[in-house]
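Architecture at a glance
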Amino acid sequence: MGDAVQQFFAVKAKIAAAEREAGRETGAVTLVAVSKTFDAADIAPVIEAGQRVFGENRVQEAQGKWPALKEAFPDIELHLIGPLQSNKAREAVALFDVIETVDREKIAAELAKEIARQGRAPKLYVQVNTGSEPQKAGIEPRDAVAFVTRCRDVHGLAIEGLMCIPPADENPGPHFALLEKLAREAGVANLSMGMSGDYETAIAFGATSVRVGSAIFGSR
Ligand SMILES: *Cc1c(COP(=O)(O)O)cnc(C)c1O
């Protein structure tokens, strides 16, 4: 068994333990295996071990490896977890099953247009910049609830979740708690939060999906 497959099973076991510890149902948390920078040959063994949900942060990189993998494994669910430029909305809607990084009006408008044009509707999450970091994508926390409402009412987009990436040098707990509160206020069910270093904490704060890369595939 390769390293990635072994590490994948270890992460699955830790997710199950964190679910139990948090008093949550087994299987309540979806593992999004983040495969950015790794190629199809690295990813295939993890698919064969049973993983079906993957995350990529660049549209162009994903276009290079996922169409063939999705054809071989039609039940793959591919998440876009990196910033989306409006000129890439067409490609993103065509390839991804979940887009987690809706964070401004222009992207919402472009996605609505492409969804209508292609007749293909990825699930959409709004990214929230919980730490208000200037270099980071995401809507400001104070604007998040109104933005979700505008996505629905102005653009006709169903927003199914919120996503955040807490500041690297801070305790993530308060950021996860803030995202959970905003999701409740916005009437949104899913919470994408937690990465290799903090996914067990995120599960304790109510994550419904965790995005784990290096703990499975190794360092990039
Ligand atoms: C790369 C990435 C991850 C995975 O990070 P690891 O620390 O390797 O688990 C999660 N979320 C986003 C948005 C990323 O870009």
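Anything mentioned here points back to the structure above.
Residues numbered from 1 in each chain as written. Predicted model: local features only at pLDDT ≥ 70, side-chain atom pairs only at ≥ 80, totals over all residues. Heavy atoms only, no water.

**Side note on the pairing of strand 8 (residues 209-212)**
Burial along strand 8 is two-sided: the residues Ser 209 and Arg 211 and Val 210 and Val 212 are all buried. With four bridges joining them, strand 1 (residues 30-34) and strand 8 adopt parallel strand pairing. When the bridges of strand 8 are listed, Thr 30 appears paired with Ser 209. (Buried < 20%, exposed > 50% of the residue type's maximum accessible area, 1.4 Å probe, protein only. Helix = DSSP H or I, 4+ residues; strand = E, 2+ residues; numbered from the N terminus. Pairing = 2+ DSSP bridges.)

**Some details on the layout of surface pockets**
A water-sized probe, rolled over the atoms, reveals where empty space remains. The computed volume of the largest pocket comes to approximately 220 Å³. Taken together, 14 residues line the largest pocket, and the ones lying closest to its centre are Val 34, Lys 36, Ile 81, Met 195 and Arg 220. For the lining of the largest pocket, the per-class residue count stands at six nonpolar, five polar and three charged. (1 Å grid on protein atoms, 1.4 Å probe; cavity = no way out; pocket = protein on both sides within 12 Å on 5 of 7 lines; lining within 4 Å. Points joined across faces, edges and corners; volume = space filled by probe spheres on them. Nonpolar A, V, L, I, M, F, W, Y, C, P; charged D, E, K, R; others polar.)

**Observations concerning the site of the ligand**
Taken together, Val 34, Lys 36, Ile 81, Met 163, Ile 165, Met 195, Ser 196, Arg 211, Val 212, Gly 213, Ser 214 and Arg 220 make up all the residues around the ligand. Arg 211 has a polar side-chain atom sitting 2.9 Å from a nitrogen atom of the ligand. Separating an oxygen atom of the ligand from a backbone N or O atom of Gly 213 is a distance of 2.8 Å. For the ligand, the accessible surface in isolation is 390 Å², of which the surrounding protein chains cover 90%. Within the shell around the ligand, the residues separate by chemical class into six nonpolar, three polar and three charged. (Near = heavy atom within 4 Å. Polar contact = N/O pair within 3.5 Å; in protein donor to acceptor, adjacent residues only side chain to side chain. Areas by Shrake-Rupley, 256 points an atom, 1.4 Å probe, with all protein chains shown as cover.)

Everything listed is a geometric property; what it means functionally is a separate question.
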